[in-house]
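Summary of structural features
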Amino acid sequence: MSKWIVLTLTVFCLKLAAQQPVSEIPVLVQYQQQWQGYFERPRIQTVLAQQVKLTNVHWPSARLYSLEPEALADLEQTRSQVLEQLRLLIIAAAKEPQLAMQLQETRQQIARWQLAKPVALELNPNLALVRQQHNPKLSKGQYLLVAGKRVSTVSVFGLGGERFFMHEQQRPAYAYVQQATELYSDTVWLFSAQKPAREIPVAAWNRTETAIATGTLLFVPLTDALVEQDFPELNQQIKTLLVHRVPS
Amino acid sequence: MIKRNLLMMALLIAVSACSSTIESYKQTLKIALVPAADVEVSLADLRERTVPLLYLRPNDRGRAALALVAATEGVAQWISADNRIVELTHGRISKLQGFKPHLDFIQFSTPDPLSLPVAKIRAGLTSRSIQDWSSSKLNSYVIEHEVIAKSPTTLTFFEQQFAMVLVQEMVTFPDGSSFINQFWFDANSGQLVQSIQKPSHFSAQFELIEISKIAQQIQVITTAGPQA
């Protein structure tokens, strides 16, 4: 009996779907290359339950991104500016081949990043189940859901591109920066899923022993000697791009 | 190719539009919840409930009853009346929500011994798990597991004695301390029905009893009548 009800409802819904142009579907969510549409604004718990069937999803590193064209256009403009500034730096470094190569690698990696606007929402199916504030309705729009396996590394991004190191319990941020030997800065920017970016001290005179989560990205800004005179906004613009970078 | 994608999208939209919401399910669930203090649910009550219950006792404190929210392929989520969630994977605590800190994730480098049929669990089996807790300093928390004993025993529920297989597992935590987890499997069905386990060196030890499974077992015995 119940099979017949499900079948009837499915046929009814297929008819509805056929009549509704895709552009008029209020909420579209992309997950692992597939799109799912919602006629009514869904609560996040519904989206997570329907999209993610895997049992070993690492929810602390999961994120939802908005794919709204206006936000993406602004980001692409910032990326163009960053790439152009790096191009000029590469030309200026023609007499220093190693520096030029490091800048080139940095530029190539930034050019490959997928960018989107992160939605400020902690994705946790269990919390969504019991607390309404963790289970809001999605606004109209197009979204990208990134939820997958646990990342067991910490990455350090700076001149020369991104380097990866195994995450170790209670290991502080400065230890990973030290491991990326050629990079130096008094402070780095820390990017962790579901949390705002923050600047933390890592030099010998100011560092703290604060441990960082697995999957964290640390951005070591390009040195003042390299960018301060001609491109004072470059590090801030790279930081903006890193906030919006979708993990690959 | 484009046609296939459009068809896939239409199907997904259809499924989405037809799905019932979690809210309506939670309304049903609320009926099954019982207060979280020294709970004792009668056999008759357990038989009447449509939502299975789990007894949970942290350390030596009062026993609470949790209701089943969802269960898929070895993973079961249980919720208490005060909205704490305990997720069990093959009977082992794999998530704790509403406890401080939260246990967010556990992953085994080789299969968890509890994922095996009880007949295949043997002393000497070793494994390693990695946990991420809500505090950053408790990310990549590594635990060594070793099954140290497996023996027949009995447990009594509702004045009836059940033949059990007790599996004892030593867990060694990153601070060097250790604990003996105990898992009782029903000798007839092979189902895990009771355990005492400690997820980390800093968390409580939990006693868990799948009381609805036991009630179901009694029902089976009663229905089958007295053995010759």
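Computed from a predicted structure; not experimentally measured. (Residues numbered from 1 in each chain as written. Chains lettered and ligands numbered in written order. Predicted model: local features only at pLDDT ≥ 70, side-chain atom pairs only at ≥ 80, totals over all residues. Heavy atoms only, no water.)

**Observations regarding the overall build of chain B**
Across its full length, chain B holds four helices and twelve strands. Out of the 228 residues belonging to chain B, those deemed buried represent 48%. Taking contacts inside chain B between residues at least 6 apart in sequence as the whole, the part at least 24 apart equals 42%. Element-wise, carbon and sulfur atoms account for 54% of the exposed surface of chain B, whose accessible area totals about 11,400 Å². (Helix = DSSP H or I, 4+ residues; strand = E, 2+ residues; numbered from the N terminus. Buried < 20%, exposed > 50% of the residue type's maximum accessible area, 1.4 Å probe, protein only. Contact = heavy atoms within 4.5 Å. Areas by Shrake-Rupley, 256 points an atom, 1.4 Å probe, with all protein chains shown as cover.)

**Description of the sheet that holds strand β5 (residues 117-118) of chain A**
All names here are of chain A. With mixed pairing, the five strands of this open sheet are ordered in space as β2-β1-β6-β3-β5. Lying at the two open borders of the sheet, with one neighbouring strand each, are β2 (34-38) and β5. Looking at chain direction, strand β3 (residues 63-66) and strand β6 (residues 141-146) are connected through four bridges and run antiparallel. Within β6, the position partnered with Tyr 65 by the bridge is Leu 144. Sitting on the sheet, helix α2 (residues 44-51) is in contact with β1 (27-31), β2, β3 and β6, with an inclination near 140° to β2. (Pairing = 2+ DSSP bridges. Axes fitted to C-alpha atoms, helices over the stretch in contact; angles between N-to-C directions.)

**Quick notes on the pattern of salt bridges**
Residue and element names in this part refer to chain B. For the structure on display, the rule yields 13 salt bridges over all chains. For Asp 45, the salt bridge goes to Arg 49, with nearest N and O atoms at 3.5 Å. On the basis of relative accessibility, which here comes to 27%, the residue Asp 45 falls in the partly exposed class. Residue Arg 128 pairs with Glu 144 through a salt bridge whose shortest N-O separation is 2.8 Å. Of this pair, Arg 128 sits in strand β7 (residues 126-133) while Glu 144 sits in strand β8 (residues 141-157), and the two are 16 residues apart along the sequence. (Salt bridge = Lys/Arg side-chain N within 4 Å of Asp/Glu carboxyl O.)

**Concerning the sheet that holds strand β9 (residues 187-191) of chain A**
Residues and elements named next belong to chain A. In spatial order, the strands read β8-β7-β11-β9-β10; together these five strands make up an open sheet with mixed pairing. A single partner strand is all that each edge strand has here, and the edge strands are β8 (161-166) and β10 (198-201). Between one strand and the next, the sheet's axes are offset by a mean angle of 30°, whatever the strand orientation. Running at roughly 115° to strand β7 (residues 153-158), helix α4 (residues 97-112) makes contact with β7 and β8 of the sheet. Helix α8 (residues 234-243) rests against β7, β9 and β11 (217-219) of the sheet, and its axis sits at about 170° to β11.

**Quick word on α4(A)**
All names here are of chain A. For α4, which comprises 16 residues, the first-to-last C-alpha distance of 23 Å matches the rise-based estimate of 22 Å (1.5 Å per residue) to within 8%. Listed in full, the buried residues belonging to α4 are Leu 99, Ala 100, Gln 102, Leu 103, Thr 106, Gln 109 and Ile 110. In this structure, the buried residues of α4 make contact with α3 (69-92), β7, β8, α7 (224-227) and α8. (Expected span 1.5 Å × (residues − 1).)

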